[in-house]
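Now for the letters of each chain:
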Amino acid sequence: MLKGKNALVTGSTSGIGLGIAEGLAAQGVNLVLNGFGDAKEIETLRAGLATKFGVKVLYDGADMSKADQIEAMMHKAEKDLGGIDILVNNAGIQHVAPVDEFPVNKWDAIIAINMSSTFHTTRCALAYMKKQGWGRIINIASAHALVASPFKSAYVAAKHGVMGFTKTVALEVAEKGITVNAICPGYVLTPLVEKQIPDTAKARGITEEQVKRDVLLAAQPTKKFVTVEELAGTTIFLCSDAAASITGTNISVEGGWTAH
Ligand code: NAD
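Reading the values: the criteria
- Residues numbered from 1 in each chain as written.
- Predicted model: local features only at pLDDT ≥ 70, side-chain atom pairs only at ≥ 80, totals over all residues.
- Heavy atoms only, no water.
- Helix = DSSP H or I, 4+ residues; strand = E, 2+ residues; numbered from the N terminus.
- Rg over C-alpha atoms; globule rule 2.2 N^0.38 Å.
- Buried < 20%, exposed > 50% of the residue type's maximum accessible area, 1.4 Å probe, protein only.
- Contact = heavy atoms within 4.5 Å.
- Areas by Shrake-Rupley, 256 points an atom, 1.4 Å probe, with all protein chains shown as cover.
- Lys, Arg positive; Asp, Glu negative; His and termini not counted.
- Charge placed at Lys NZ, Arg CZ, Asp CG, Glu CD.
- Pairing = 2+ DSSP bridges.
- Right-handed = clockwise from strand over helix to strand, strands pointing away.
- Phe/Tyr/Trp six-rings, centres within 6.5 Å; stacked < 30°, edge-to-face > 60°.
- Lys NZ or Arg CZ within 6 Å of the ring centre and 35° of its normal.
- Core = buried A, V, L, I, M, F, W, Y, C linked by side-chain atoms within 4.5 Å.
- Expected span 1.5 Å × (residues − 1).
- Arc of directions from axis to C-beta.
- 1 Å grid on protein atoms, 1.4 Å probe; cavity = no way out; pocket = protein on both sides within 12 Å on 5 of 7 lines; lining within 4 Å.
- Points joined across faces, edges and corners; volume = space filled by probe spheres on them.
- Nonpolar A, V, L, I, M, F, W, Y, C, P; charged D, E, K, R; others polar.

A. Seen up close, the overall build of the protein chain. A tally of helices and strands in the protein chain yields eight helices and seven strands. Taken against the 2.2 N^0.38 rule, which gives 18 Å for 260 residues, the C-alpha radius of gyration of the protein chain at 18 Å falls within 12% of a compact globule. Counting only C-alpha atoms, the protein chain reaches 50 × 40 × 35 Å along its principal axes. Expressed as a percentage of the 260 residues in the protein chain, the buried residues total 50%. Considering only residue pairs separated by 6 or more positions, the protein chain has 72% of its internal contacts joining residues 24 or more positions apart. Carbon and sulfur atoms make up 55% of the accessible area of the protein chain, which totals about 11600 Å². Averaged over its 25 positive side-chain charges, the protein chain has a centre that lies 3 Å from the centre of its 25 negative ones.

Structure (structure tokens):
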């Protein structure tokens, strides 16, 4: 069903983005990978996915905090693949600190990478999708797009912004065969989460084990981390014909967190 379509997944050299990229490749989708990392490791990853799934896999290292680099990546992707059918806005970073101590440069980076990059990729992707009369835009938001936690002011603000952006664009393109949705994951044990454990421990004055048990999984009634495979499956569902009437909304994949 998705075979031969082209997807761009931002922040796909690690964690959730990589899991989604792999899931899409397994469906026969050609890919543009994006994200930071060791050049040799990224090339091994790129070539490995192409060989394993028999799809085209390109890599673009555009910095998602830079509008001009995002534009260049989108134009290049269109030139090299013919257009992006599936856009997954996933790149994101985190910083944990009380708001009155929050470093201004971290605030600016989180707003740029977690929220504004979604605007820049979307505005560049729409012309082709409109021409095709088909498109899927999937924004990897967070449970923090719906509820807050202390010490994550920039992240929560950015993710709530992504949710508002998702609804707005969905309304604008509703008659064009393009759906725009957010996936709101709970905690997934990726490098992004592993990195914030020491800072959360410091901010709350507790141990790292207590952070995992009493802070992270305290929010998730299932008491399990969400997996990247589950998020890839949700993405593929949103790309399917069965999801053609799902737009402007979010799918929570967070073990019951926001049911509280
Ligand atoms: P991760 O740290 O494992 O991966 C982040 C990816 O983004 C990497 O590929 C990294 O290179 C890339 N990236 C970071 N800054 C970039 C930049 N300036 N330009 C281009 N690429 C950049 O993180 P993850 O946990 O896989 O998170 C992916 C997304 O999922 C994020 O938007 C995050 O907010 C969201 N999310 C994660 C969780 C979780 O528990 N891990 C929960 C909810 C939402």
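B. Expanded view of unusual backbone geometry. If you check the backbone angles, Phe-151 has positive phi at about 70° while not being a glycine. Phi angles above zero are rare outside glycine, and Lys-223 is one such case at about 60°. As for its placement among the helices and strands, Lys-223 is situated in the loop between α7 (208–216) and α8 (228–239).

C. Just the pairing of strand β4 (residues 86–89), in detail. Residues Ile-86 and Val-88 point to one face of β4 and Leu-87 and Asn-89 to the other, with burial holding for every one of them. With three bridges connecting them, strand β1 (residues 6–9) and β4 associate as parallel partners. Each bridged residue has a counterpart across the sheet, and for Ala-7 the counterpart in β4 is Ile-86. Both β4 and strand β5 (residues 135–140) contribute to a ladder of four bridges, which runs parallel. Note that in β5 the partner of Val-88 across the bridge is Ile-138. The parallel pair β4 and β5, bridged by helix α4 (residues 104–132), forms a crossover whose chirality is right-handed.

D. Spatial organisation of the packing of aromatic side chains. In this structure the tally under the stated criterion is two aromatic pairs. Considering the side-chain rings of Phe-119 and Phe-165, the 6.4 Å spacing of their centres and the 85° angle between planes classify their relative orientation as edge-to-face. Taken as a pair, Phe-119 in helix α4 and Phe-165 in helix α5 (residues 153–173) lie far apart in primary sequence, 46 residues in all. Seen in terms of ring centroids, Tyr-187 and Trp-257 are 5.3 Å apart; in terms of plane orientation they differ by 10°. Their pairing is stacked. With Tyr-187 in the loop between β6 (178–185) and α6 (191–204) and Trp-257 in the segment after β7 (250–253), this residue pair connects regions lying 70 residues apart in the sequence. Between Lys-5 and the ring centre of Trp-134, over which it is positioned, the NZ or CZ distance is 4.2 Å. Over the ring of Phe-119 we find Arg-123; its NZ or CZ atom is 5.4 Å from the centre of that ring.

E. How the structure looks around the nonpolar core. Counting residues in each nonpolar core, the largest one holds 30 residues, and the members touching the most others are Leu-2, Leu-24, Leu-31 and Ile-86. Counting only elements with at least two residues in this core, the list comes to β1, α1 (15–26), β2 (30–34), α2 (39–53), β4, β5 and α8. Other than its neighbours up to four places away in sequence, Ile-86 contacts Leu-2, Lys-5, Asn-6, Ala-7, Leu-8, Leu-24, Met-129, Trp-134, Arg-136 and Cys-239. Counting 23 residues, the second largest nonpolar core, distinct from the first, contains Met-74, Leu-126, Val-173 and Ile-178.

F. Expanded view of helix α3 (residues 67–81). For α3, spanning 15 residues, the distance from its first C-alpha to its last is 21 Å, which sits close to the expected 21 Å at 1.5 Å a residue. Burial in α3 covers these residues: Ile-70, Met-73, Met-74, Ala-77 and Leu-81. Buried residues along α3 cover an arc of 95° about the axis, so they all sit on one side. Exposed and facing more than 90 degrees away from the buried side of α3 are Asp-68 and Lys-79. Looking at the buried residues of α3, the elements they touch are β1, β2, β3 (57–60) and α4. Positive backbone phi, approximately 100°, marks Gly-82, located one or two places after α3.

G. Representation of the layout of surface pockets in the model. Here the largest pocket is characterised by a volume of approximately 890 Å³. Ala-91, Gly-92, Ile-93, Gln-94 and Leu-192 are, among the 38 residues lining the largest pocket, the residues nearest its centre. Of all the secondary-structure elements, those providing two or more residues to the lining of the largest pocket are α1, α5 and α6. For the lining of the largest pocket, the class distribution of residues is 18 nonpolar, 15 polar and five charged. When its volume is computed, the second largest pocket comes out at roughly 160 Å³. Contributing to the lining of the second largest pocket are 15 residues, with Ser-149, Pro-150, Tyr-187, Arg-204 and Val-215 lying nearest its centre. Element by element, the count of residues in the lining of the second largest pocket is highest for α6, at three residues. Of the residues that constitute the lining of the second largest pocket, the class distribution is 10 nonpolar, three polar and two charged.

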